[in-house]
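# Breakdown of the fold
Spelled out from the first residue to the last, the chains are:
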Amino acid sequence: MKKMPFLVIVPHGGTTIPEELAEYPQVDDFDIFFDSDACANLIFDFDNEVLACLQTSISRLFVDLDRSFMEVPPASLDGIIKKATSRGKPIFLGEEFPDD
């Protein structure tokens, strides 16, 4: 079967914490699930039908692939790495937010 000429991008389907940040967050599995597009990686898994399908297993709280690298404070409230969940819960303890 010939693949369709589409690129499918699923930026918010992941629920894992990157290894480099695993010791810092204070969010739990529910917080990560709540801020993901639940099951998006399964729903939009067209890998066998389209030319390319880009998705990640990493939670958008830790790396938001739908953000420009230029979206950084103070121009944006949060950037590629979030400081709080969509419900306002801090993601990192105290001043442990990753530096530039």
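Residues numbered from 1 in each chain as written. Predicted model: local features only at pLDDT ≥ 70, side-chain atom pairs only at ≥ 80, totals over all residues. Heavy atoms only, no water.

## Section: the overall build of the protein
Applicable threshold: A run of H or I in DSSP becomes a helix once it reaches four residues, and a run of E becomes a strand once it reaches two; helices and strands are each numbered from the N terminus. Here, residues are in contact when the closest pair of their heavy atoms is within 4.5 Å. Computed with a 1.4 Å probe, the accessible areas rest on the Shrake-Rupley method; for each residue, only the protein chains presented here act as cover. Charge assignment in this entry is limited to Lys and Arg as positive and Asp and Glu as negative, and neither His nor the chain termini are counted. Charge placement uses NZ in Lys and CZ in Arg. For Asp and Glu, CG and CD serve respectively.
In terms of helices and strands, the protein carries two helices and two strands. Put simply, the protein runs from its N terminus to its C terminus through helices and strands in the order β-α-α-β. Projected onto its principal axes, the C-alpha coordinates of the protein cover approximately 55 × 30 × 25 Å. Here the analysis covers contacts within the protein between residues at least 6 apart in sequence; of these, 67% occur between residues at least 24 apart. If you sum the accessible surface of the protein, you get close to 7,000 Å²; carbon and sulfur atoms cover 59% of it. Measuring between centres, the 8 positive side-chain charges of the protein sit 7 Å from its 19 negative side-chain charges.

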